[in-house]
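What follows is each chain in one-letter form.
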Amino acid sequence: MKLQHLRAIAAPWLLPAATVALALAIFVADTVADLEIAFPAFYTIVVLMSVRFCKPRGIVAVGAGCVALTLLSDLATAASGETGIGVVNTTISILAIATTTYLSVRSESEKAAAYEARLQLAHVSRVTTLGELTASIAHEVNQPLAAVITNGNACVRWLAADPPDLGEARAAIARLVKDANRASEIIAQVRALTRSSPPQQERLAVNDIVLATLSLIDSEILQNHVSLRTELADDVPRVQGDRVQLQQVILNLMLNAIEAMSRVPEGPRLLTVGSARHDRVGALVAVQDTGAGLAPENLDRIFNAFYTTKPDGMGMGLAISRSIVEAHGGRIWAMAGAPRGAVFQFSLPGGA
Amino acid sequence: MSETPVIYVIDDNPALREALDGLIRSVHLSVRTFGSTEEFLRFKRPDAPGCLVLDVRLPGLSGLDFQREMEKLDIDLPVIFITGHGDVPMSVRALKAGAIEFLPKPFRDQDLLDAIYVGIEGDRARRRSSAVIEALRGHFDRLTSRERQIMLKVTSGRPNKQIAAELKLSEVTVKVHRRHVMRKMKARSLADLVRMADKLADGAETA
């Protein structure tokens, strides 16, 4: 983010031009000076500057170019100065350039991976926290419904008049039908919206998804003083499905677990995330907490839409999780944990 | 002064505008609908009692802001708020600023109509009292400066003799002026004249 910001305020050609100018200056100085003076070491600065505007492959190219320039000016100055020390200096310089290039490329790739993870989190949380979307849909649907009701009431009044005004009553009904259709159109748009990203189908290693999701909730775990235990089996079969959607389910279960524990002031807070082979070819993921647990009579209801046991819950998280798991041909259920807390598990069928 | 009340509706949702138009006409009231406050301000309002049904969420100036703006623009209409997403603090703010009702959409038609009737009655009373003050001002403007002087002294309770002394006039002259004041102000008694003076003073304060 910061990188892009810097890039945006300076003229886009300024940094590349300065980099090329510096490389040329080093080349000239290196060529003019005696062989034993280690000017090529300054090429590392050129490589570091290129990080600002190059992709990893470009950084490698810049590093290679610097090495080539070093060798070129060595050839040009081979006649003058001490050859023995010159070769040692050149070798050290080339090693320095190569090392700098390697480290730069690695740190850039790591940054890119971190950026990718943030993007994913943004997507996951956008889909998970439906609050804003729901509020705006509710408002959009409410407008035509208010008009429907008002038109209905007006119609009753026109009919109750003495004599009844049938023309006005008919006009009110016509408006009412139009507004009801409008409300129904809005619902259809919302449906289309949620359908607009078709689930991706790929072969997924369940443990990878669990680990990737865990990396998204580090700060949540720290903030709520929760200990984390993972019990991932080695022999979990791969499953067919949508990585982001399944990540969403796991994220949702883990966030619920952390929240349940943060509401209990005492006792250990242990979040256990496990995976296992299920039904020979399928996979099972379990998320266990040490929170207050669930009342037995609620076990069936918690997956229903708009049902919530949280003081400020929407009752959507588990309902969405269930619809995702079922769309993958799996099953999700909850049970009491031992000695306390709750366990949420879902299974996914294996094979294809 | 025309006495057929007019209800003004400002809502940016055309469907609800049409629906409210129908509902309000069904109880034989005149109604004018507007999609924005600007549209409403451009409209030349007839000289008739009325009230304003105002949506809270509007493009540009919100309904609540417009309610405050109305005072500056000298628009003295009772306001009924309708809203798709009202919360308690918002409704408290509106009612404190003098709104008659704060109705969440969808509302019961009778609730809205009741509020409208309250609004019309309030506006009628306000217009009546301002019409009375208007008439009094007209009468007062026709007094000579000497008569005004004497009216103020009479209504603050001074006897004729004292007024004559203060103004260096004969008591008879004061009596003649005083009779003129009573006639021109259409006052039936001294008490009547005192009430008129109070009303004129109130009117001067609120204007």
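Residues numbered from 1 in each chain as written. Chains lettered and ligands numbered in written order. Predicted model: local features only at pLDDT ≥ 70, side-chain atom pairs only at ≥ 80, totals over all residues.

Within chain A, the regular secondary structure consists of 11 helices and 7 strands. When each of the 352 residues of chain A is scored for burial, the buried share is 31%. (Helix = DSSP H or I, 4+ residues; strand = E, 2+ residues; numbered from the N terminus. Buried ≥ 20, exposed ≤ 12 C-beta atoms within 10 Å, placed from the backbone.)

With that settled, consider the overall build of chain B. In terms of helices and strands, chain B carries 9 helices and 5 strands. Across chain B, helices and strands are ordered from the amino to the carboxyl terminus as β-α-β-α-β-α-β-α-β-α-α-α-α-α. Every one of the 207 residues in chain B was classed for burial, and the buried ones make up 32%. Long-range pairs, those at least 24 residues apart, make up 62% of the contacts in chain B with a sequence separation of at least 6. (Contact = placed C-beta atoms within 7 Å.)

If you look at the biggest cluster of nonpolar residues, it comprises 45 residues, and the most contacted ones within it are B:I7, B:Y8, B:V53, B:I80 and B:F81. Among the elements that line this core, the one with the most residues is helix α6 (residues 131-160) of chain A, at 8 residues. Excluding anything up to four places from it in sequence, B:V53 contacts B:I7, B:Y8, B:V9, B:L20, B:I80 and B:I82. Formed by 36 residues, the second largest nonpolar core is a distinct cluster that contains A:V239, A:M261, A:V287 and A:V343. (Core = buried A, V, L, I, M, F, W, Y, C linked by C-beta atoms within 7 Å.)

With 15 residues of chain B at the contact, the number on the chain A side is 20 residues. Residues of the side of chain B that touches chain A, tallied by class, amount to 7 nonpolar, 5 polar and 3 charged. (Nonpolar A, V, L, I, M, F, W, Y, C, P; charged D, E, K, R; others polar.)

All names here are of chain A. Spatial ordering of the open sheet is given by β2-β4-β5-β7-β6, a layout of 5 strands whose pairing is mixed. Sheet topology places β2 (227-232) and β6 (331-336) at the edges, where each strand pairs with a single neighbour. Between one strand axis and the next, the sheet turns by 15° as a mean value, whatever way the strands run. Where β6 lies against strand β7 (residues 342-348), 6 bridges are found, and the strand directions are antiparallel. Its bridge partner being in β7, R331 is matched across the sheet by S347. (Pairing = 2+ DSSP bridges. Axes fitted to C-alpha atoms, helices over the stretch in contact; angles between N-to-C directions.)

Residues and elements named next belong to chain B. What the 5 strands build is an open sheet, ordered β2-β1-β3-β4-β5; its pairing is parallel. Edge strands, defined here as strands with exactly one partner in the open sheet, are β2 (30-34) and β5 (101-104). Within this sheet the neighbouring strands show an average axis-to-axis angle of 20°, counted without direction. Of the pairings in the sheet, the one linking strand β1 (residues 6-10) to strand β3 (residues 50-55) comprises 5 bridges and is parallel in character. Counterpart to V9 in the pairing with β3 is V53. In the packing of helix α1 (residues 14-26) onto the sheet, contacts are made with β1, β2 and β3, and the angle to β2 comes to roughly 170°.

With that out of the way, let us pick up the packing of helix α3 (residues 43-51) of chain A against helix α4 (residues 56-77) of chain A. The axes of two packed helices give the description: the angle between them and the distance between them. Residues and elements named next belong to chain A. Axis separation between α3 and α4 bottoms out at 9 Å; the angle between their running directions is 160°. Here α4 runs roughly antiparallel to α3, going by the angle between their axes. Here the hand of the crossing between α3 and α4 comes out right-handed. Facing α3, whose interface residues are Y43, V46, V47, S50 and V51, α4 presents G58, I59, V62, G63, C66 and T70. The residue makeup of the contact of α3 with α4, split by class, is 7 nonpolar, 4 polar and no charged. (Parallel < 35°, antiparallel > 145°, perpendicular 65-115°, else oblique. Left-handed = near helix turned anticlockwise from the far one by under 90°.)

With that out of the way, let us pick up the pairing of β2(B). All names here are of chain B. Bridging between β1 and β2 involves 5 bridges; their strand directions are parallel. The residue bridging V6 from the neighbouring strand is S30, located in β2. The parallel pair β1 and β2, bridged by α1, forms a crossover whose chirality is right-handed. (Right-handed = clockwise from strand over helix to strand, strands pointing away.)

We now examine α3(A). Residue pairs three or four apart in sequence face the same way in an α-helix, which turns once every 3.6 residues. Listing the buried residues of α3(A) in full gives A:Y43, A:V46, A:V47, A:S50 and A:V51. Here the buried residues of α3(A) occupy an arc of 150° about the axis, which is enough to place them on one side. (Arc of directions from axis to C-beta.)

Below, the discussion takes up the confidence of the model for chain A. Mean pLDDT over chain A: 81, with 82% of residues reaching 70 or higher. Ranking the elements of chain A by mean pLDDT puts helix α1 (residues 2-9) of chain A last with 41 and strand β5 (residues 282-288) of chain A first with 95. (pLDDT = per-residue confidence, 0-100.)

The residue after A:D162, namely A:P163, is reached through a cis peptide bond having omega 0°. Within the fold, A:P163 resides in the loop between α6 and α7 (166-195). Of the consecutive residues B:K105 and B:P106, the connecting peptide bond is found in the cis state with omega at -5°. Assignment of secondary structure puts B:P106 in the loop between β5 and α5 (109-141). The phi torsion at A:H225 lies on the positive side, around 50°, for a residue other than glycine. Residue A:H225 is classed as exposed on the basis of its C-beta count, with 11 C-beta atoms lying within 10 Å. You will see that B:D74, though not glycine, has its phi angle at about 65°, which is positive. Topologically, B:D74 is positioned in the loop between α3 (63-72) and β4 (79-83).

Before going further, it helps to spend a moment on the packing of helix α2 (residues 14-32) of chain A against α3(A). Residues and elements named next belong to chain A. One can describe the packing of α2 onto α3 by two numbers: an axis separation of 9 Å at closest approach and a directional angle of 170°. Taken together, the axes of α2 and α3 lie roughly antiparallel to each other. Residues L15, T19, L22, A23 and I26 of α2 pack against Y43, I45, V46, M49 and S50 of α3. In terms of residue class, the contact of α2 with α3 is built from 8 nonpolar, 2 polar and no charged.

Compared with the 48 Å implied by 1.5 Å per residue over 33 residues, the 47 Å span of α5(B) between its first and last C-alpha is a close match. Buried residues of α5(B): B:D109, B:L112, B:A115, B:I116, B:G119 and B:D123, and no others. (Expected span 1.5 Å × (residues − 1).)

Looking now at the environment of A:T44. Residues and elements named next belong to chain A. Mapped onto the fold, T44 is located in helix α3. Residue classification places T44 among the partly exposed positions, given that 19 C-beta atoms sit within 10 Å. Residues T44 and T100, 56 residues apart in the sequence, show an inter-C-alpha distance of 6.2 Å. Those residues in contact with T44 that lie beyond four places of it in its chain are A96, I97 and T100.

Before going further, it helps to spend a moment on the environment of B:T4. Residues and elements named next belong to chain B. Here T4 lies in the segment before β1. Given 11 C-beta atoms within a 10 Å radius, T4 is considered exposed. Through-space distance from the C-alpha of T4 to that of H28 is 10.0 Å; in sequence the pair is 24 residues apart.

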